[in-house]
Amino acid sequence: MTQTPGTPAGPTPASEPETAALPAVEAPTPAPASTLALVAEAAAKSGLLWVDVPGDRAWPVWHEWLDGTAWVVSGPGEQPMPWLPEEVPIILRSKDSGGRLVRVQARVERITPADVRWESATAALTAARLNSVGDDVVQRWAELCTVTALTPFGEALEGPGSYDDASGAAPPAPTPATTRTWRPWHLGGRPKRRRGTR
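Residues numbered from 1 in each chain as written. Predicted model: local features only at pLDDT ≥ 70, side-chain atom pairs only at ≥ 80, totals over all residues. Heavy atoms only, no water.

Right, let's get into the side chain of Arg129. Structurally, Arg129 can be placed in the loop between helix 2 (118–128) and helix 3 (137–144). Residue classification places Arg129 among the buried residues on the basis of a relative accessible area of 17%. Side-chain polar atoms of Arg129 contact the side chain of Glu78, separated by 2.8 Å. (Helix = DSSP H or I, 4+ residues; strand = E, 2+ residues; numbered from the N terminus. Buried < 20%, exposed > 50% of the residue type's maximum accessible area, 1.4 Å probe, protein only. Polar contact = N/O pair within 3.5 Å; in protein donor to acceptor, adjacent residues only side chain to side chain.)

This is the structure:
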């Protein structure tokens, strides 16, 4: 058998399949300095914010603000919070009026003890935690709970001078605590008018 000049001996290797290039993941746009300053001031003054879960409702949660991030712990023995998507709007209130001050998109990250931020985040949360259950709170968080980082980014969705005209009112969250079907008994019946009013 003769070999054609320039042709390598042996079987011809199969051509390698072409792999499509994966799209680059764009990092969220950092919040402008003015927005970040407003969010940081509101978060530092108030330990309460609302997580506006798409398709659900706005959940009030206590948090601790640290290094541009609102840290939240949830789970057994802690506050309830549903599983969150990668991004959610958060609403921060005015400490003076109690009304909404700014609404901004936030990136959601769940961290574990293997994360370099775990120690600083849990230390801040432990210092802010009132009436903690058990001795080793951080260990319980690591085993049973979820520590979540909510990092604002991008332009404010709502803020001073750009509030939505809607009231923002929502029906109360479902709860078994209700007195709609029963009223306490009063001697002589319930008064038609409250005392001291006309």
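Here we come to the nonpolar core. The biggest cluster of nonpolar side chains holds 22 residues, and the ones touching the most others in it are Leu49, Val51, Leu84, Val88, Ile90, Leu92 and Leu150. Contributions of two or more residues to this core are made by helix 1 (33–45), strand 1 (48–52), strand 2 (58–62), strand 4 (69–74), strand 5 (87–93) and strand 6 (100–111). Residue contributions to this core peak at 5 residues, all from strand 6. Counting residues in hydrophobic clusters, the runner-up holds 11 residues, among them Ile111, Trp141, Cys145 and Val147. (Core = buried A, V, L, I, M, F, W, Y, C linked by side-chain atoms within 4.5 Å.)

Before going further, it helps to examine the pairing of strand 2. On any regular strand, side chains alternate: one points to one face of the sheet, the next to the other face. Residues Trp59 and Val61 point to one face of strand 2 and are all buried, whereas Ala58, Pro60 and Trp62, pointing to the other face, are not buried. Adjacent in sequence and paired antiparallel, strand 1 and strand 2 are bridged by 5 residues, among which Gly55 carries a positive phi angle near 75 degrees. (Pairing = 2+ DSSP bridges.)

Most of strand 4 sits inside the fold, with 6 of its 6 residues counted as buried. Residue alternation in strand 4 divides its side chains into two sets, Thr69, Trp71 and Val73 and Ala70, Val72 and Ser74, and both sets are buried. With 3 bridges connecting them, strand 3 (residues 64–66) and strand 4 associate as antiparallel partners. Within the sheet, the bridge partner assigned to Leu66 lies in strand 4 and is Thr69. Remark: 2 residues form the turn of the hairpin made by strand 3 and strand 4, two consecutive strands paired antiparallel; Asp67 in that turn has positive phi of roughly 55 degrees. Note: strand 4 against strand 7 (residues 146–158), 5 bridges, orientation antiparallel. Its bridge partner being in strand 7, Ala70 is matched across the sheet by Leu150.

Before going further, it helps to examine the environment of Ala106. By the element assignment, Ala106 lies in strand 6. Measuring from C-alpha to C-alpha, the distance between Ala106 and Thr69 comes to 9.1 Å, with 37 residues separating the pair along the chain. Setting aside anything within four residues of it in sequence, one finds Ala106 in contact with Glu86, Glu87, Val88, Ile90, Leu150, Thr151, Pro152 and Phe153. (Contact = heavy atoms within 4.5 Å.)

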